Amino acid sequence: MEEGYDDEEENFEIIEEIELDDEGPNAELAYNIEEMTVDNEENIDQTNEDDEFVEERDDSDLTFSQHTASVFCVSMDPSSCSHVVSGGEDDKAFVWKLSDGKVQFTCDGHKDSVTYAEFSYDSKYVATADMSGLIKVWLLDSGDEVWSFETSDIEWLEWHHSAHVLFAGTADGEFWMWKIPDGACKTYQSHGPKTTCSRLLKDGKRICVGYGDGSLKLWDLKAGNHDFHVTGGYAHDQSVTCLDINEDSTVLASGSEEGVLKLTHIGNGKVETTAFSHWDREFDYLSSDQDISALIS
């Protein structure tokens with residue numbers, strides 16, 4: 001028994017030590033063990049190689065791959081659902097056919113990543129906007145550029161649902177309304193924070209706008225002033241991220257960065273309901289049924 005051995009530990013006995021030399025009676029055993037180790041390494045390498053060549057499953061009917069960097073926005077024409085516009089980090093937007101993915105025309109001339117691309121209500125025009133604040137409008141049939149405008153950083157872009165009128169909100173807090181293609185415009189000033197999202201009412205004469213300070217405004221487009229301003233303790237604590245309105249334009253649903261949903265009466269600007277999400281993260285999107293009894297976020 002070696003010195004320092006603890007009797008309380010499990011007893012064991014070394015019967016024989018075998019030296020696995022390259023020569024002698026144990027040489028064959030040493031060779032077999034080395035071969036077995038090499039085989040295992042080869043099996044592991046082969047497994048890794050097999051993993052690298054596993055093909056990814058793709059169930060899509062069509063893949064559009066003209067963009068050379070990340071795609072930031074995609075929209076389908078509402079009139080015939082036959083064309084798509086997509087914009088991306090490559091400073092380009094493409095208008096392409098949904099049937100075969102062929103490019104109808106390229107929206108050139110942008111200075112930065114194209115983050116917004118939308119068709120007009122009748123699919124006659126396509127609007128594209130980039131991160132530098134440059135907005136362009138194109139004719140779908142010909143691909144001709146018919147109008148452009150440059151402002152500060154764009155936060156949202158929206159077409160009128162029944163007229164060739166384009167809206168855009170900016171990081172400096174104001175939002176714009178243009179008549180396309182002549183470019184006649186009107187500007188709606190902010191009370192300070194950036195404007196973050198919007199939703200046009202069914203009457204086409206009023207628009208709800210959310211702001212970076214969590215407040216909400218209902219604007220009269222013709223008069224150029226707001227009918228109400230939800231602010232203070234009734235407003236969201238953080239930036240408003242999305243809006244939706246019920247069918248008869250009586251209730252405004254708003255979501256925010258802190259994951260709070262508010263329902264505001266459009267007639268008087270009173271907040272009727274406040275609800276907190278269980279996942280504790282911001283709302284990215286809201287969609288309601290006709291009477292806003294159900295919401296998807």
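Structural data are supplied above this passage.
Everything numeric in this text was worked out from a predicted model, so none of it was measured.

### Let's talk about the packing of aromatic side chains
- Evaluated as defined, the whole model comprises 13 aromatic pairs.
- Note on F175 and W219: the rings are 5.6 Å apart at their centroids and 75° apart in plane angle, and the pair reads as edge-to-face. With F175 in strand β11 (residues 175-179) and W219 in strand β15 (residues 216-220), this pair connects stretches of sequence that are 44 residues apart. Like W219, F175 is buried.
- Put simply, the rings of W147, F149, W176 and W178 touch in pairs and so form one group of aromatic residues.

### Focus on the sheet that holds strand β3 (residues 93-97)
- On the basis of which strands lie adjacent, the open sheet formed by four strands has the order β1-β2-β3-β4 and antiparallel pairing. One side of each edge strand has no neighbouring strand; the edge strands of this open sheet are β1 (71-76) and β4 (103-107). On average, adjacent strands in this sheet sit at an angle of 15° to one another, irrespective of strand direction.
- Sheet analysis places β1 next to strand β2 (residues 83-88), joined by five bridges and oriented antiparallel. Within β2, the position partnered with C73 by the bridge is G87.

### A closer look at the side chain of S249
- With respect to the helices and strands, the residue S249 is situated in the loop between β17 (240-245) and β18 (251-256).
- Discounting residues that sit within four places of it in the chain, S249 has contacts with L201, K202 and I266.

### Considering the sheet that holds strand β14 (residues 206-211)
- One open sheet accounts for four strands, arranged β13-β14-β15-β16; its pairing is antiparallel. What marks the edges here is a single partner per strand, and that holds for β13 (195-200) and β16 (225-230). Going across the sheet, the axis of each strand differs from the next one's by a mean of 20°, ignoring polarity.
- Two strands pair when backbone bridges link them, and β15 and β16 are joined in this way by five bridges, in the antiparallel orientation. The residue bridging K217 from the neighbouring strand is H229, located in β16.

### A short note on the pairing of β3
- Among the five residues in β3, four count as buried, and that is most of the element.
- Two strands pair when backbone bridges link them, and β2 and β3 are joined in this way by five bridges, in the antiparallel orientation. Residue pairing across strands places V85 opposite V95, the latter belonging to β3.
- Adjacent in sequence and paired antiparallel, β2 and β3 are bridged by four residues, among which D91 carries a positive phi angle near 65°.
- Strand direction decides the pairing type here: β3 and β4, joined by four bridges, are antiparallel. Its bridge partner being in β4, A93 is matched across the sheet by C107.
- Taking the residues between adjacent antiparallel strands as the criterion, β3 and β4 are bridged by five residues, where G101 takes a positive phi near 80°.

### Some thoughts on the nonpolar core
- Counting 14 residues, the largest nonpolar core has I135, V137, L166, W178 and I180 as its most contacted members.
- Elements represented by at least two residues in this core include exactly β6 (125-130), β7 (134-139), β9 (154-159), β10 (165-170) and β11.
- Contact partners of L166, with chain neighbours within four places excluded, come to A127, I135, V137, W147, L157, E158, W159, W176, M177, W178 and I180.
- Among the nonpolar cores identified, the runner-up in size contains 13 residues, and L201, V230, L243 and L252 belong to it.

Cut-offs used in this document
Residues numbered from 1 in each chain as written. Predicted model: local features only at pLDDT ≥ 70, side-chain atom pairs only at ≥ 80, totals over all residues. Heavy atoms only, no water. Phe/Tyr/Trp six-rings, centres within 6.5 Å; stacked < 30°, edge-to-face > 60°. Helix = DSSP H or I, 4+ residues; strand = E, 2+ residues; numbered from the N terminus. Buried < 20%, exposed > 50% of the residue type's maximum accessible area, 1.4 Å probe, protein only. Pairing = 2+ DSSP bridges. Axes fitted to C-alpha atoms, helices over the stretch in contact; angles between N-to-C directions. Contact = heavy atoms within 4.5 Å. Core = buried A, V, L, I, M, F, W, Y, C linked by side-chain atoms within 4.5 Å.

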